[in-house]
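Coordinates in review
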Amino acid sequence: MSTLEEIFRFENLYYENYHNPKNRIRPDSPEILLMKYICEGRHEEAVQLFEEKQQFGDIPSVVDAPNGRFTGLDGIRKFAQTWISTAQADGASIIPMVQTQSGGRSATEMLMCFEYPHAGKIVRFPVLVVGDLRGGGKLDEVRIYYFYKWVPGISPYRHRMFRPSFEKQMEPAAMTGALRAYSEALATMRSVDELPRIMDTMTDDVVYGGYRPETISGIIRGKEAVEKKYRSFVNMPQIIRFESVIDDGLTAVCEWVGVPNPNYVPEEGKIPLLQSGVGIYVRDLESGLIKEVRIIDNARFQDTIDWETADILY
């Protein structure tokens, strides 16, 4: 978990690497309105974007964020009222950056700007907000992703937000082209000898990262550097199972849960971690290859989890 003193020293270069004024963003999209209302203290307007229950399934509306899972209107109201105070901030604003919409979902990458006037600081970091849409400009469910160290007191444990139908890789036919080849290669990778299968799906000038502080995991460029990053994915305790794919033909936002890797060789004294996260993949329009990869999870920090307080949902 982070302290404000640590957070104030962090640097992030998401904006410098991914800002594109040509990006088309609908400012009236409800997941953007939700975060805008919360930052402006318009809590009841935020709550009014939901109904008590989702449209189908007789289940409550939900906001799932790194600081907790909030169900029903009372829970969502608590989420809205405590968003700024959880960060120990005095104010906040957002800068929408990239929006991807398809299949009844809208996902917006945005910069969250928390204000700390007493320290003369504004902490700016990227957040992904995914909304499951319903009629009338409302939401059934929202899932919020960011690297846990950007907010003080957040645990690195992130429960699996989807209950997987099967504890195995998603059927590859759900995707096409480079994304299909990438997901298959990632799920079956057993040694560094298989890395070329993954790297063949990427452009030579691929850019990786952006959601973590530069001092923890900085943005890297080029196949050679990115291949070194993927070497660390060999012998991971989990296979990535995509549960939600929001793909507009250029950008694919793939929410995932971890399922047990049958080939994982446990390290002594370490607990295999199954978690939720998301991968964002941007295609090069000419080649169809992946030119940007942004992954949001808390991998490599499982040794710091307090398992006595971990909320294991699924």
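Here's a quick rundown of the structure. Being a predicted model, the structure only gives us computed values, none of them experimental.

Conventions adopted
Residues numbered from 1 in each chain as written. Predicted model: local features only at pLDDT ≥ 70, side-chain atom pairs only at ≥ 80, totals over all residues. Heavy atoms only, no water. Pairing = 2+ DSSP bridges. Helix = DSSP H or I, 4+ residues; strand = E, 2+ residues; numbered from the N terminus. 1 Å grid on protein atoms, 1.4 Å probe; cavity = no way out; pocket = protein on both sides within 12 Å on 5 of 7 lines; lining within 4 Å. Points joined across faces, edges and corners; volume = space filled by probe spheres on them. Nonpolar A, V, L, I, M, F, W, Y, C, P; charged D, E, K, R; others polar. Buried < 20%, exposed > 50% of the residue type's maximum accessible area, 1.4 Å probe, protein only. Contact = heavy atoms within 4.5 Å. Salt bridge = Lys/Arg side-chain N within 4 Å of Asp/Glu carboxyl O. Axes fitted to C-alpha atoms, helices over the stretch in contact; angles between N-to-C directions. Core = buried A, V, L, I, M, F, W, Y, C linked by side-chain atoms within 4.5 Å. Polar contact = N/O pair within 3.5 Å; in protein donor to acceptor, adjacent residues only side chain to side chain.

A word on the sheet that holds strand β10 (residues 251–260)
- Taken together, six strands build an open sheet; the order of strands is β8-β7-β12-β11-β10-β9 and the sheet is mixed. Only two strands of the sheet have a single neighbouring strand rather than two, namely β8 (220–221) and β9 (238–247).
- Across three bridges, the pairing between strand β7 (residues 202–208) and strand β12 (residues 290–296) is parallel. Looking across to β12, one finds that methionine 202 is bridged to isoleucine 290.

Some points on empty space enclosed by the protein
- A full pass over the atoms with the stated rule returns one cavity of 30 Å³ or more.
- The computed volume of the largest cavity comes to approximately 90 Å³.
- Taken together, 13 residues make up the lining of the largest cavity; nearest its centre are Pro66, Tyr146, Arg158, Asp297 and Asn298.
- A per-class count over the lining of the largest cavity returns seven nonpolar, four polar and two charged.

Some details on the layout of surface pockets
- In this structure, the largest pocket spans a volume of roughly 600 Å³.
- Lining the largest pocket are 35 residues; nearest its centre among them are Tyr208, Phe233, Met236, Ile295 and Asp297.
- For the lining of the largest pocket, the secondary structure elements donating two or more residues are α6 (177–188), α8 (214–217), α9 (223–231), β9 and β12.
- Looking at the lining of the largest pocket residue by residue, the classes come out as 20 nonpolar, 10 polar and five charged.

Thoughts on the environment of tryptophan 83
- Note on placement: tryptophan 83 falls in helix α5 (residues 72–86).
- In this structure tryptophan 83 comes out as buried when scored by relative accessible area, which is 3%.
- Between the C-alpha atom of tryptophan 83 and that of alanine 65, which follows or precedes it by 18 residues, the distance is 9.8 Å.
- Those residues in contact with tryptophan 83, other than ones at most four positions away along the chain, are Met35, Ile38, Asn67, Met112, Phe114, Ile144 and Tyr146.

Brief notes about the pattern of salt bridges
- Taken as a whole and judged by the stated rule, the model has 25 salt bridges.
- Between glutamate 243 and arginine 241 there is a salt bridge, with the nearest N and O atoms lying 2.7 Å from each other.
- Among the residues examined, arginine 241 registers a relative accessible area of 9% and is labelled buried.
- Where salt bridges share partners, they join Arg105, Asp132, Glu141, Arg143 and Glu255 into one cluster.

Here we look at the sheet that holds strand β4 (residues 105–116)
- The strand order across the open sheet formed by six strands is β2-β1-β6-β5-β4-β3, and the pairing between neighbours is mixed. Single-partner strands in this sheet number two, and they are β2 (68–71) and β3 (91–102). Direction aside, neighbouring strands of the sheet carry axes that sit 20 degrees apart on average.
- Relative to β4, β3 is paired through 11 bridges, and the arrangement is antiparallel.

Quick look at the nonpolar core
- Leu34, Met35, Trp83, Met112, Phe114, Phe125 and Ile144 are the most contacted members of the largest nonpolar core, which has 44 residues in total.
- At seven residues, the largest contribution of residues to this core is made by helix α3 (residues 30–39).
- Ignoring sequence-local partners within four residues, the contact set of phenylalanine 114 consists of Trp83, Ile84, Ala87, Ala89, Gly91, Ala92, Lys121, Ile122, Val123, Phe125 and Val151.
- Among the nonpolar cores identified, the runner-up in size contains 27 residues, and Tyr208, Val226, Phe233 and Tyr281 belong to it.

Structural notes on the environment of alanine 299
- By secondary structure assignment, the location of alanine 299 is in the segment after β12.
- Sequence spacing of alanine 299 and aspartate 58 is 241 residues, and the spatial spacing of their C-alpha atoms is 34 Å.

Focus on the environment of arginine 69
- Here arginine 69 shows up in strand β2.
- If sequence neighbours within four positions are ignored, arginine 69 has contacts with Val62, Val63, Asp64, His159 and Leu313.
- One polar contact links arginine 69 to aspartate 64, side chain to side chain, over a distance of 2.7 Å.

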